[in-house]
Amino acid sequence: MAIAAAFFVLDEDFSSASGLEARIAAMISPTLEDLGFELVRLAVLGREVPTVQIMADRADGSLITVEDCERISHAVGAVLDVEDPIPGNWTLEVSSAGIDRPLTRPKDWERFAGHLAKAEVMVPVNGRRRFSGIVLGATEEGGRLRLDDGSEVVLPFRELRKARLILTDELIAATRALMVPEAEAVEGEDGELASKPAGKGRKTPSRRH
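Residues numbered from 1 in each chain as written. Predicted model: local features only at pLDDT ≥ 70, side-chain atom pairs only at ≥ 80, totals over all residues. Heavy atoms only, no water.

A. Broad picture of the pattern of salt bridges. For the coordinates displayed, the defined rule picks out 13 salt bridges. With its nearest N and O atoms 2.8 Å apart, the salt bridge here joins Lys107 to Glu38. In this pair, Lys107 is assigned in helix α3 (residues 106-111) and Glu38 in strand β1 (residues 37-45), connecting sequence segments 69 residues apart. For Lys107, a relative accessible area of 42% corresponds to the partly exposed category. Its salt-bridge partner being Asp108, residue Arg105 comes within 2.9 Å of it at the nearest N-O pair. (Salt bridge = Lys/Arg side-chain N within 4 Å of Asp/Glu carboxyl O. Helix = DSSP H or I, 4+ residues; strand = E, 2+ residues; numbered from the N terminus. Buried < 20%, exposed > 50% of the residue type's maximum accessible area, 1.4 Å probe, protein only.)

Here's what the structure looks like:
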């Protein structure tokens, strides 16, 4: 049974995906795919000089390296320069999904079945909005969790405000095989890979003036 992709389950600071984020995702996804990467999450933050935040993985499921972030940054920046979806100046920030990653797509729920996760929905399910439990996979309707009391719940993708894995020893062990050698990567505190720092973090300014 085919499960449709869902790119925009957003993290803590967002309640819904904007039309701008959806347009940018459509613009850059083919470029990422051509380079061997997948878009995990995209957000546009700020007003005066917006930051386009891109979270990506390699198509083979392994975590991206600093060099990968640089490649993505240059390629995506070129696309956005041509397509011009954001008036004025903007910055671009690229990172990997990290270890305690957000679960933004049905394939993420399938891939990390058996691990702990927490989630929040916009419309209550069974009278509650927040859940934590063992990921059981995905259906066409939503992500499946086994709760502490042994019951199971399906959280509709269209109602998910945020969902992410909980950092555990088991998750770290399972992810270790996907990690690049330490000399090739720069890890953040939450396990995310970001581009090499330059000034106040690695933010690639647009080439528009």
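B. Region of interest: the sheet that holds strand β7 (residues 152-156). Strand order in the open sheet formed by 5 strands is β7-β6-β5-β4-β8, and the pairing between neighbours is antiparallel. In this open sheet, the two strands that pair with only one neighbour each are β7 and β8 (160-165). Neighbour to neighbour, the strand axes of the sheet diverge by 45° on average, direction disregarded. With 6 bridges joining them, strand β4 (residues 116-125) and strand β5 (residues 128-138) adopt antiparallel strand pairing. Paired with Ala117 across the two strands is Gly133, which belongs to β5. (Pairing = 2+ DSSP bridges. Axes fitted to C-alpha atoms, helices over the stretch in contact; angles between N-to-C directions.)

C. Local environment of the pairing of strand β3 (residues 91-96). Burial analysis of β3 places 5 of its 6 residues in the buried class, which makes it a mostly covered element. Two elements, strand β2 (residues 51-58) and β3, share 6 bridges in a ladder whose sense is parallel. Paired with Val52 across the bridge in β3 is Leu92. Taken together, β2, helix α2 (residues 66-83) and β3 form a β-α-β motif whose crossover is right-handed. (Right-handed = clockwise from strand over helix to strand, strands pointing away.)

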